[in-house]
Amino acid sequence: MPDHVTRLHFGGDYNPEQWPRDVWVEDMALMRRAGVDTVTIGVFSWALLEPREGEYDAAWLDDVVGMLDEAEVGFFLATPTASPPPWFTRAHPDALPVRPDGTRLTHGSRDTYAISAPAYRQAARRVARFLAERYGDHPRLRGWHVHNEYGTLDHGPHAEAAFRSWLRRRYGTLAALNDAWCTAFWSQHYGDWADITPPRATQYLANPAQVVDFRRFSSDEMLAAFLEQKAEIRAAGSAAPVTTNFMLPTWNHLDQWAWREHLDLVSVDHYLDTTGPDGEAHVAYGADLTRSWAGGPWLLMEQSASGIRVGDRQAFKDPDRMIRNSLGYVARGSQGALFFQWRASLGGAETWHSALVPHAGADSRVFDGAVRLGALLDRIGEVAAPPADGPVVEADAAVLWDANGWWSLETSHLPHDGLDYASEVRATHRALWRAGVAVDFVPPGGDVSRHRVLFVPSHMAMDAGTAAWLARYVESGGHLVVGRFTGVADEHQRVVPGGYPGVLRDLLGVRVEELRPLGDGETLALSDGSVVEQWTERVHLAGAEPVATYAEGDLAGGPAVTRRAVGSGSVTYLSTRLVQRSLDRFVASLLAEHGVAAAVPAAVGTGVEAVRRRAASGSYLFLLHHGDRAVRVKGPGLDLVEDARTDDGIVLEPGQVAVVREDEAAAAWSVTPL
Ligand code: GLA
């Protein structure tokens, strides 16, 4: 069984090429002190590993690996292909990425590659093969970290050729493509494949079907590049697990569901985007999403040690919060907590990015936090081995997640430019998180047999198969909640006529005649006291019952929230956007109605986040206190953090954590503010 399945990892990206060797010696000592057992090396090492085309020099990396070996630290070895060296750019200028406006980017940063350029693909395969032959069976190799955060889009000539081939495979004939893209409008009819380009800068609006297809193509193209490297690694005889680190910031260039079957381990880089308490919900969102992509345990490949980049500044993340966040990921299936990066750079582009060893050195609260986290992960290591059957986290609530939904809402000139897929999904997830329930994300057509409620936040373009899958879910007793502007178009962004939301009209039992976005800052009340913003619709009932009506405005008296019962299942439609506190209330009452309980109901509202992780050796309750008032937590179990029984209660001070091995799964717990 690979290591990552049976133990929790602690460590991070290690870029020793920035330092003289005496620092490496100190690094090893400090890693041992902090209990670091895993580093990622080589992410940015291409220029040193292959100083001239086809000439390799890995003596320095041999030394690093030797030192790690001696210090008993395992490593993920990255293929360095996210950052091609300067000589590569000079030799192959055609392999630089091109922006939609035609600007060809230049060297001087990183990610300077055009994913479809043959020279790049060849060089990437070569360096991957070299590394795999040299280190592929090293006993400390935990796995391959192919590339780094695939996500550079290219609109240049190589992408153009590859996009056309992809379109030929997808559509077969130009007639089918013309039909799907609605090219009859604006004289866009294509008479020759050679006329088709990536969506580049245009005088006015781009064709939305072309835009979304290009995103799909780009994800497939990056996957193909990944698979080529993976094939080289396997051809060199290395059997170590292969991963690539996903990233989920405010952009998304990958269809992760399509990638996951090719990954031996799903990993992610996750960075807080707020200093406030919503950061904790953000951790849960990233972790739930990645566990769902993985279908089980996964690995947090990067997070920041002490910084939160917000707007124009780098806010400080306190060590206690870093520890709580780390456990937030582990509670949801991460096989550890890794960071970017081990030691803070003294120069270069990421000088001010935080690190486990900060500029101040080991004599610091930040390094102290790292030492504490290392010890803590060691104490709770038994949570790593997954249960013999069933999921790591049992969730009764699910949210549909689909990159196509994201890309559709990024097309231009929609009825409201403020529609944003990630915000919609996160608002729903946040409401579920605040209700204290566990959440899975599911792909279109995924297994939802265990989920009592399923949310589909604004998902404009939907194919018939997904609509049929949702109908089956409801018919088999599921409770579906559909957000506004969902299923109004097919998978080519073509509106289904006759009233919105065409694809789901019958299932929802409504017919929407008009979409009526609100002005900035405008809010309206609903009959049940909820407050809505951004969007309203003129809804006609066609089989559904009204749950709430618009209480004011042009649509006053008209249905705003509807429900249609289907056997023992139901489908609820939200024709508007509930402000977060109204959404929280709506979600909480829906969960109560359908018997979806919080992990620890008594914890809700106390500031204590309670998450249950199942493992081979039992059920583990993670209690993370984000609040500002001490609480007493009581229930049958053993807190592994303090090695103390919890039957008579333990006190959790603000900021503290407990990880309890429960005597019995899902026992009753009390949480009492002191
Ligand atoms: C990404 C990269 C890292 C580093 C961090 C900084 O996640 O993978 O190399 O640049 O961002 O936040």
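The present account deals with the structure reproduced in this document. Predicted model, so just to flag it, every value in this text is computed and none were measured.

**Remarks on the overall build of the protein chain**
So, step 1. Helix and strand counts for the protein chain stand at 18 helices and 31 strands.
So, step 2. A compact globule built from 674 residues should have a C-alpha radius of gyration of about 26 Å, and the protein chain, at 26 Å, falls within 12% of that.
So, step 3. Overall, the protein chain is about 75 × 75 × 45 Å in size when its C-alpha atoms are taken along their principal axes.
So, step 4. In the protein chain, which comprises 674 residues, the proportion classed as buried is 60%.
So, step 5. In the protein chain, once contacts between residues fewer than 6 apart in sequence are set aside, the share between residues at least 24 apart is 71%.
So, step 6. Surface summary for the protein chain: the accessible area is close to 25,300 Å², and the carbon and sulfur share equals 50%.
So, step 7. Here the protein chain contributes 62 positive and 87 negative side-chain charges, whose respective centroids are spaced 1 Å apart.

**Brief notes about the site of the ligand**
So, step 1. By nearness alone, every residue bordering the ligand is listed as Phe-44, Arg-110, Asn-148, Glu-149, Asp-269, Tyr-271, Glu-302, Phe-340, Glu-350 and His-353.
So, step 2. Within the side chain of Asp-269, an N or O atom sits 3.5 Å from an oxygen atom of the ligand.
So, step 3. Within the side chain of Glu-302, an N or O atom sits 2.6 Å from an oxygen atom of the ligand.
So, step 4. Across the complex, the protein chains shield 91% of the 300 Å² of accessible surface that the ligand would expose by itself.
So, step 5. Counting atoms within 2 Å of the grid points, the majority share of the ligand lands in the largest pocket.
So, step 6. Looking at the shell around the ligand residue by residue, the classes come out as 3 nonpolar, 2 polar and 5 charged.

**A short note on the packing of aromatic side chains**
The description of an aromatic ring pair rests on the distance of the ring centres and on the angle between the ring planes.
So, step 1. Applying the stated criterion across every chain, the model contains 28 aromatic pairs.
So, step 2. Pairing Phe-246 with Trp-293 gives two aromatic rings, centres 5.5 Å apart and planes at 85 degrees, and the pair type is edge-to-face. Note that Phe-246 is positioned in strand β6 (residues 245-247) and Trp-293 in helix α11 (residues 278-294), a separation of 47 residues in sequence.
So, step 3. When its relative accessible area of 1% is taken as the criterion, Phe-246 is described as buried.
So, step 4. Ring geometry for Trp-401 and Trp-406: centres 6.2 Å apart, planes at 65 degrees, overall edge-to-face. Of the two residues, Trp-401 and Trp-406, neither departs from the other in class, the shared state being buried.
So, step 5. Members of the aromatic cluster, joined through ring pairs, are Tyr-150, Phe-226, Phe-246, Trp-259, Trp-293, Trp-401, Trp-406 and Tyr-421.

**Considerations on the sheet that holds strand β27 (residues 637-639)**
So, step 1. Spatially, the 5 strands line up as an open sheet ordered β24-β25-β30-β27-β28, and their pairing is antiparallel. The sheet is open, and its two edges are formed by β24 (608-615) and β28 (644-645), each paired on a single side.

**What about the side chain of Arg-426?**
So, step 1. Structurally, Arg-426 can be placed in helix α15 (residues 421-434).
So, step 2. The exposure class of Arg-426 is buried, given its relative accessible area of 17%.
So, step 3. Sequence-distant contacts of Arg-426, that is, excluding residues within four places in its chain, are made with Asp-273, Asp-278, His-282 and Tyr-285.

**Concerning α11**
So, step 1. Across its 17 residues, α11 extends 24 Å between first and last C-alpha, which sits within 8% of the 24 Å expected from 1.5 Å per residue.
So, step 2. The buried count for α11 comes to 15 of 17 residues, which makes it a mostly enclosed element.
So, step 3. Gly-295 lies just past α11 and shows a positive phi near 70 degrees.

**Observations concerning the sheet that holds strand β17 (residues 523-525)**
So, step 1. Read from one edge to the other, the open sheet built from 3 strands follows the order β17-β18-β23, with strand pairing classed as antiparallel. Strand pairing shows two members of the sheet lacking a second neighbour, β17 and β23 (577-578), which therefore form its edges.
So, step 2. Sheet topology note: the β17/strand β18 (residues 531-533) ladder contains 3 bridges and is antiparallel. Among the inter-strand pairings, Thr-523 is bridged to a residue of β18, identified as Glu-533.

**Brief notes about the layout of surface pockets**
So, step 1. Put simply, the largest pocket is a space of about 1,300 Å³.
So, step 2. Along its surface, the largest pocket is lined by 47 residues, and Arg-110, Glu-149, Phe-340, Glu-350 and His-353 are the ones closest to its centre.
So, step 3. Only α11, β9 (307-310) and α15 provide two or more residues apiece to the lining of the largest pocket.
So, step 4. Classifying every residue of the lining of the largest pocket gives 15 nonpolar, 21 polar and 11 charged.

**Concerning helix α4 (residues 59-70)**
So, step 1. A rise of 1.5 Å per residue sets the reference length of α4, with its 12 residues, at 16 Å; its end C-alpha atoms lie 17 Å apart and thus fit the reference within 8%.
So, step 2. The complete set of buried residues in α4 reads Trp-60, Leu-61, Val-64, Val-65 and Leu-68. Projected down its long axis, α4 shows its buried positions confined to an angular sector of 135 degrees, all on one face.
So, step 3. If you follow the buried residues of α4, they end up packed against β1 (9-14), α2 (21-34), β2 (38-41), α3 (46-49), β3 (74-78) and α6 (118-135).
So, step 4. Phi turns positive one or two residues past the end of α4, at Glu-72, with a value near 60 degrees.

**So, the packing of α4 against α6**
So, step 1. At a minimum axis separation of 12 Å, α4 and α6 run at an interaxial angle of 45 degrees. Taken together, the axes of α4 and α6 are oblique relative to one another. Of the two elements, α4 crosses α6, and the hand of that crossing is right-handed. Judged by residue contacts, Ala-59, Leu-61, Asp-62 and Val-65 of α4 engage Leu-131, Arg-134 and Tyr-135 from α6.
So, step 2. Residues of the contact of α4 with α6, tallied by class, amount to 5 nonpolar, no polar and 2 charged.

**What to know about the environment of Ser-458**
So, step 1. Checked against the element boundaries, Ser-458 lands in the loop between β14 (453-456) and α16 (464-475).
So, step 2. The sequence separation of Ser-458 and Val-488 amounts to 30 residues, and the corresponding C-alpha distance is 9.9 Å.
So, step 3. Among all residues touching Ser-458, those that are not within four sequence positions of it are Leu-409, Tyr-421, Glu-424, Gly-483, Arg-484, Phe-485 and Thr-486.
So, step 4. Only 2.9 Å separates the side chain of Ser-458 from the backbone oxygen of Arg-484, close enough to count as a polar contact.

**A few points about empty space enclosed by the protein**
Over the atoms, a rolling probe the size of a water molecule traces out where space has been left empty.
So, step 1. With the rule as written, the count across this model stands at 4 cavities of 30 Å³ or more.
So, step 2. Taken as a whole, the largest cavity holds about 50 Å³ of empty space.
So, step 3. Lining the largest cavity, in full, are Ile-115, Ser-116, Thr-152, Leu-153, Asp-154, Ala-159, Phe-214, Phe-217, Ser-218 and Glu-221.
So, step 4. Looking at the lining of the largest cavity, the element that brings in the most residues is helix α9 (residues 208-235), giving 4 residues.
So, step 5. For the lining of the largest cavity, the per-class residue count stands at 5 nonpolar, 3 polar and 2 charged.

Rules and cut-offs
Counting restarts for each chain, with residues numbered from 1 along the sequence as it is written. Totals for whole chains, interfaces and linings use every residue, but because this is a predicted model, local features are given only for residues with pLDDT of at least 70 and side-chain atom pairs only at 80 or more, for both listing and counting. Side-chain numbers come from the whole structure's heavy atoms, not from hydrogens or water. We count a stretch as a helix when DSSP gives it H or I for four or more residues in a row; a strand needs E for two or more, and each element gets its number in order from the N terminus. A radius of gyration in this sense is built from C-alpha atoms; the matching globule rule multiplies 2.2 Å by the number of residues raised to 0.38. For every residue, the accessible area (1.4 Å probe, protein chains only) is compared with the maximum for its type, and the residue is labelled buried under 20%, exposed over 50%, or partly exposed between those bounds. Any two residues whose heavy atoms approach within 4.5 Å at even a single point are treated as in contact. Methods summary: accessible areas were calculated by the Shrake-Rupley approach with a probe of 1.4 Å, and residue burial reflects only the protein chains presented. Under the counting rule used here, the positive set is Lys and Arg, the negative set is Asp and Glu, and His together with the chain ends is not counted. One atom stands in for each charge, and that atom is NZ of Lys, CZ of Arg, CG of Asp or CD of Glu. We call a residue near a given molecule or strand whenever any one of its heavy atoms falls within 4 Å of it. Each polar contact in these results corresponds to two N or O atoms within 3.5 Å; when the atoms are within protein, one needs to be able to donate a hydrogen and the other to accept it, and residues that are neighboring in sequence are counted only if both atoms are side-chain atoms. In this analysis, the protein atoms alone were mapped onto a 1 Å grid. Cavities are point sets where a 1.4 Å probe fits without being able to get out; pockets are open sets with protein on both sides within 12 Å along at least five of seven lines; lining residues have an atom within 4 Å of a point. Pocket occupancy is defined atom-wise: a molecule lies in a cavity or pocket when more than half of its atoms are within 2 Å of its grid points. Ten residue types, Ala, Val, Leu, Ile, Met, Phe, Trp, Tyr, Cys and Pro, are classed as nonpolar, four, Asp, Glu, Lys and Arg, as charged, and the remainder, Gly among them, as polar. Geometry of aromatic contacts follows a simple scheme: Phe, Tyr and Trp rings, the Trp one being its six-membered ring, pair when their centres are within 6.5 Å, and the pair is stacked under 30 degrees between planes, edge-to-face over 60, tilted otherwise. A pair of strands is considered paired only if DSSP assigns at least 2 bridges between the two. One less than the number of residues in a helix, times 1.5 Å, gives the span that helix is expected to have. Grid points are joined across faces, edges and corners, and a volume is the space filled by probe spheres set on the points. The directions considered for the arc are those from the helix axis to the C-beta atoms. In this description, a line fitted to the C-alpha atoms serves as the axis of each element, helices being fitted only across the stretch in contact, and the angle between N-to-C directions of two axes falls anywhere from 0 to 180 degrees. Orientation categories follow fixed angle ranges, with anything under 35 degrees roughly parallel, anything over 145 roughly antiparallel, 65 to 115 roughly perpendicular, and all other angles oblique. When the near helix sits turned anticlockwise from the far one by under a right angle, the crossing is termed left-handed; a clockwise turn instead gives a right-handed crossing.

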